[in-house]
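Take a look at the letters that make up each chain.
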Amino acid sequence: MSPIDLSDKVDEILDAARPLHIVAAGDPVLRQRAAPIDGQLDGKRLRRLTDAMRDTMRETQGAVGLAAPQIGIPLQLAVLGTPPALEARLIESGQAPVPFTVLINPSYQPAGTRRGAAFEGCLSLPGWQAVVTRPQEIELTWEDGAGRKSVEQFSGLAARIVQHEVDHLAGTLYLDRAEIRSLSTLEETVQRWGPAGLEATARELCFPLPQDDEADV
Ligand code: NI
């Protein structure tokens, strides 16, 4: 997409109603490597796009992240953060809420060898969840909206959300990494497997968990 076409596409999206339309699995934009952000959009457009993605994420129940390809924009941009409504439940289950963060041109690598398994879902695959094993700790490099570069370690839920969103920017969906036998409807996940716990889920659906399992379901 040329910078002019891209700006037109962004303007079209910004003019549309909120929440923004989410691209579903099957659209090739979700399977391509997004282009690094390098001046294709002016600062004002980029900020408005980021705001629209944040609003869409917050208006969509259960959403903790949104990558630009999911709204049809093939750029290395994602937003993430846990909703305030989820905060109390997270703290109760021993997890730290994740503050709102804008990721531009992000990349991550595992930090350490610990891996954890948990159910994940995706707005582009509505109605389903599956268990994904991922590194528990990662080191993330990214830029913010003002072009400042950051390098930081993330662990637990924040590390999982970051990996899921950054994977989107490489054309990877969580299902590519999932234990496919764990695939469950949202209803089954919430009503059956949430209360049962991850070990019982793995036993009954017959899929393996990582050896040094530190489940963060
Ligand atoms: Ni997703």
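Residues numbered from 1 in each chain as written. Predicted model: local features only at pLDDT ≥ 70, side-chain atom pairs only at ≥ 80, totals over all residues. Heavy atoms only, no water.

Peer 1: Lay out the coordination of the nickel ion in plain terms, naming residues and giving numbers.
Peer 2: Here the nickel ion is held by the protein donor atoms Cys122 (SG), His164 (NE2) and His168 (NE2), which lie 2.1 to 2.3 Å from it. Mapping the donors of the nickel ion onto the primary sequence gives the spacing C-x41-H-x3-H. In this pair, His164 and His168 both sit in helix 4 (residues 156-168), four residues apart, roughly one turn of the helix. Considered together, His164 and His168 belong to a single accessibility category, that of buried residues. (Donors = N, O, S within 2.8 Å, 3.2 Å for Na, K, Ca; no water. Helix = DSSP H or I, 4+ residues; strand = E, 2+ residues; numbered from the N terminus. Buried < 20%, exposed > 50% of the residue type's maximum accessible area, 1.4 Å probe, protein only.)

Peer 1: Lay out the nonpolar core in plain terms, naming residues and giving numbers.
Peer 2: Core analysis: the largest hydrophobic core is formed by 23 residues, its most contacted members being Leu41, Leu49, Met53, Ile71, Ile73 and Leu77. Of the residues forming this core, the biggest block, five residues, is contributed by helix 2 (residues 43-59). Apart from residues lying up to four places away in sequence, Met53 is in contact with Leu20, Leu66, Ala67, Ala68, Ile71, Leu77, Ala78 and Val79. Listed in part, the 14 residues of the second largest apolar core include Leu80, Leu103, Ile138 and Ala158. (Core = buried A, V, L, I, M, F, W, Y, C linked by side-chain atoms within 4.5 Å. Contact = heavy atoms within 4.5 Å.)

Peer 1: Explain the packing of helix 1 (residues 3-15) against helix 2 to me, and be specific about the residues and the numbers.
Peer 2: With their axes 10 Å apart at the nearest point, helix 1 and helix 2 run at an angle of 40° to one another. By the angle between their axes, helix 1 is oblique relative to helix 2. The handedness of the crossing between helix 1 and helix 2 is left-handed. Of the residues in helix 2, those touching helix 1 at Ser7, Val10, Asp11 and Leu14 are Arg45, Arg48, Leu49 and Ala52. Of the residues that constitute the contact of helix 1 with helix 2, the class distribution is four nonpolar, one polar and three charged. (Axes fitted to C-alpha atoms, helices over the stretch in contact; angles between N-to-C directions. Parallel < 35°, antiparallel > 145°, perpendicular 65-115°, else oblique. Left-handed = near helix turned anticlockwise from the far one by under 90°. Nonpolar A, V, L, I, M, F, W, Y, C, P; charged D, E, K, R; others polar.)

Peer 1: Can you break down the packing of aromatic side chains residue by residue, with the values?
Peer 2: All told, the structure shown has one aromatic pair when counted by the stated rule. Positioned above the aromatic ring of Phe100, the side-chain terminus of Arg58 is 5.3 Å from the ring centre. Geometry around Trp193 places Arg192 over its ring, the cationic atom sitting 5.5 Å from the centre. (Phe/Tyr/Trp six-rings, centres within 6.5 Å; stacked < 30°, edge-to-face > 60°. Lys NZ or Arg CZ within 6 Å of the ring centre and 35° of its normal.)

Peer 1: Summarise the pairing of strand 2 (residues 77-80); cite the residues concerned and give the values.
Peer 2: By the alternation rule, side chains of strand 2 split into Leu77 and Val79 and Ala78 and Leu80, which are all buried. Note that strand 1 (residues 65-67) and strand 2 share three bridges and pair antiparallel. In the strand pairing of strand 2, Gly65 is matched with Leu80. Of the pairings in the sheet, the one linking strand 2 to strand 3 (residues 101-110) comprises four bridges and is antiparallel in character. Within the sheet, the bridge partner assigned to Leu77 lies in strand 3 and is Ile104. (Pairing = 2+ DSSP bridges.)

Peer 1: Could you give an account of unusual backbone geometry, with specific residues and numbers?
Peer 2: Along the chain, Arg18 connects to Pro19 via a cis peptide bond; the corresponding omega equals -10°. The topology assignment puts Pro19 in the loop between helix 1 and helix 2. Residue Asn105 is not a glycine yet carries a positive backbone phi of 50°. The residue Asn105 is located in strand 3 in this model. Positive phi outside glycine occurs at Cys206, with the angle close to 65°. Secondary-structure assignment places Cys206 in the segment after helix 7 (198-205). Owing to a relative accessible area of 48%, Cys206 belongs among the partly exposed residues under this scheme.

By themselves, these are just geometric observations and shouldn't be taken as functional.
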